[in-house]
Amino acid sequence: MSNPAEEARLAMRRGEWTGPTKHTVPGYVKCNLVILPLADAYDFLLYCQRNPKPCPLIEVTDPGDPEPRRCAPGADLRTDLPRYAVYRRGVREQDVTDIRHLWRSDSVAFLIGSGMTFDDALERAGVPKVKTWVLRTALATVPAGKFSGPLAVTMRCMTVAQAIIACQLTARFPLSHGAPIHIGDPAGIGADLEHPVFGEPVKEIPHGSVPVFWACGVTPQLVALQSKPELMITHAPGHAFITDLKADQTCIP
C-alpha cells in the first residue's frame, strides 16, 4: 500500500499536482533540489559542505540515475516534483513540470533539506501556520570552485513567545536548516523585503510580531544567477520534493 508521500509524487508524475508543497503531506521530510552535470558536481558538493545551514544534504544520486534510492526508493526526480526551475548560464528559463528532456547521462541530483519539514512540528508545538517569504540577503555564502553567491532566507513573523519555541524546536532539525540565523530587524542581514524571491513584497512587519529568519535551500538558485553554470535544474521555490523519510525520525531527540 502506498504512503502519502508516494501518492503525492505519483500525482505530480501524472501532472495532476503542479502547485506548492508547503503545508502538504505533513510528517514527511521535504527537500530542495539541485541537478548539475557531473563536471560541476564536486564543486557543488564542496559548496554544500562549506554551507551546511542553507544546504544540508539529504542525498546525492549517482551520475545519470534519477532515483533517490535512499530517501525515496522508486521515485523519479525527473517527474516527481510539481514544478522545476531551469537555469542556463545564469538565466532562468521558463519553469517546467517534467525534466526528462533535460536529464543527461551525467546528471547528478542533490537533495537538500527544506524548512517545510518542521512546519508540522511547529504547529504541534503551538506555533500556528504563518505566511512565509523567501528573501535575498546581503550575507555572502562561502565559495567553492565556481559556486558563490548570497544567502537566501525564509522569514516568518510570530510573537516573541512563539519565536522562542521556534528557536528551540527547529534546532532539533539540522537536516532542515536547523535554528534561525537571525531574529529581529531585517536590515541586520540586509534582507530585501521589497523584492522577495518567493511571496509578495513585505509592506511592514505586523504590529506585535517579530520576524524570524532561517537559512533557505533556495540559496543555490541565487548562486546559479551569480555563478552561471552551464545548466542547473532546481525545484521552483515552494515546490519541494517529498521523501519517504519521517520528519520526527530525522530530528535530534
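Everything numeric here is computed off the predicted structure, so don't read it as measured data.

*Asks:* I'd like a description of the pairing of strand E5 (residues 107-113), backed by residues and values.
*Replies:* Burial runs high along E5: seven of the seven residues are buried. Across seven bridges, the pairing between strand E1 (residues 28-37) and E5 is antiparallel. Looking across to E5, one finds that Leu-36 is bridged to Val-108. Bridge analysis of strand E2 (residues 57-60) against E5 gives three bridges, and the strand direction is antiparallel. Bridged to Val-60 within E5 is Phe-110.

*Asks:* Now, about the side chain of Glu-59: what can you tell me, with residues and values included?
*Replies:* With respect to the helices and strands, the residue Glu-59 is situated in strand E2. One polar contact links the side chain of Glu-59 to the main-chain amide nitrogen of Arg-70, over a distance of 3.2 Å. A distance of 2.9 Å separates a polar side-chain atom of Glu-59 from the backbone nitrogen of Cys-71. In this view, Glu-59 contacts Glu-67, Pro-68, Arg-69, Arg-70, Cys-71, Ala-109, Phe-110 and Leu-111; residues no more than four positions away in its chain are not counted.

*Asks:* Before we move on, could you go through the environment of Ser-114 and cite the residues and values that matter?
*Replies:* Mapping Ser-114 onto the fold places it in the loop between E5 and helix H3 (119-124). For Ser-114, a relative accessible area of 5% gives the class buried. In this structure, the C-alpha to C-alpha distance between Ser-114 and Ser-176, residues 62 residues apart in sequence, is 4.9 Å. Residues contacting Ser-114, with those up to four places away along its chain left out, are Lys-30, Cys-31, Asn-32, Leu-175, Ser-176 and His-177.

*Asks:* Which residues make up helix H1 (residues 4-13), and what values do they have?
*Replies:* Within H1, burial applies to Ala-5, Ala-8, Arg-9, Ala-11 and Met-12. Each buried residue of H1 sits inside an arc of 160° when the element is viewed along its axis, so together they form one side. Contact partners of the buried residues in H1: E1 and strand E11 (241-246). Backbone geometry just downstream of H1 places Gly-15 in the positive-phi region, at approximately 80°.

*Asks:* I'd love a proper account of the sheet that holds strand E9 (residues 210-215), names of residues and values included.
*Replies:* Reading across from one edge, E6-E7-E9-E8 is the order of the four strands in this open sheet, with antiparallel pairing throughout. Looking at the sheet topology across the chains shown, the edges are occupied by strand E6 (132-140) and strand E8 (182-183). Each of strand E7 (150-158), E8 and E9 touches helix H4 (residues 160-170); the most contacted strand, E9, lies at about 15° to it. The sheet contacts of helix H5 (residues 219-227) involve E6 and E7, and relative to E7 the element is tilted by about 145°.

*Asks:* Can you explain unusual backbone geometry? Please cite residues and give values.
*Replies:* We note that Val-25 has phi near 45°; this positive angle belongs to a residue other than glycine. Look at Val-25 and you get buried, because its relative accessible area is 13%. Although it is not a glycine, His-177 adopts a positive phi angle of roughly 85°. When you line up the elements, His-177 lands in the loop between H4 and E8.

How each quantity is defined
- Residues numbered from 1 in each chain as written.
- Predicted model: local features only at pLDDT ≥ 70, side-chain atom pairs only at ≥ 80, totals over all residues.
- Heavy atoms only, no water.
- Buried < 20%, exposed > 50% of the residue type's maximum accessible area, 1.4 Å probe, protein only.
- Helix = DSSP H or I, 4+ residues; strand = E, 2+ residues; numbered from the N terminus.
- Pairing = 2+ DSSP bridges.
- Polar contact = N/O pair within 3.5 Å; in protein donor to acceptor, adjacent residues only side chain to side chain.
- Contact = heavy atoms within 4.5 Å.
- Arc of directions from axis to C-beta.
- Axes fitted to C-alpha atoms, helices over the stretch in contact; angles between N-to-C directions.

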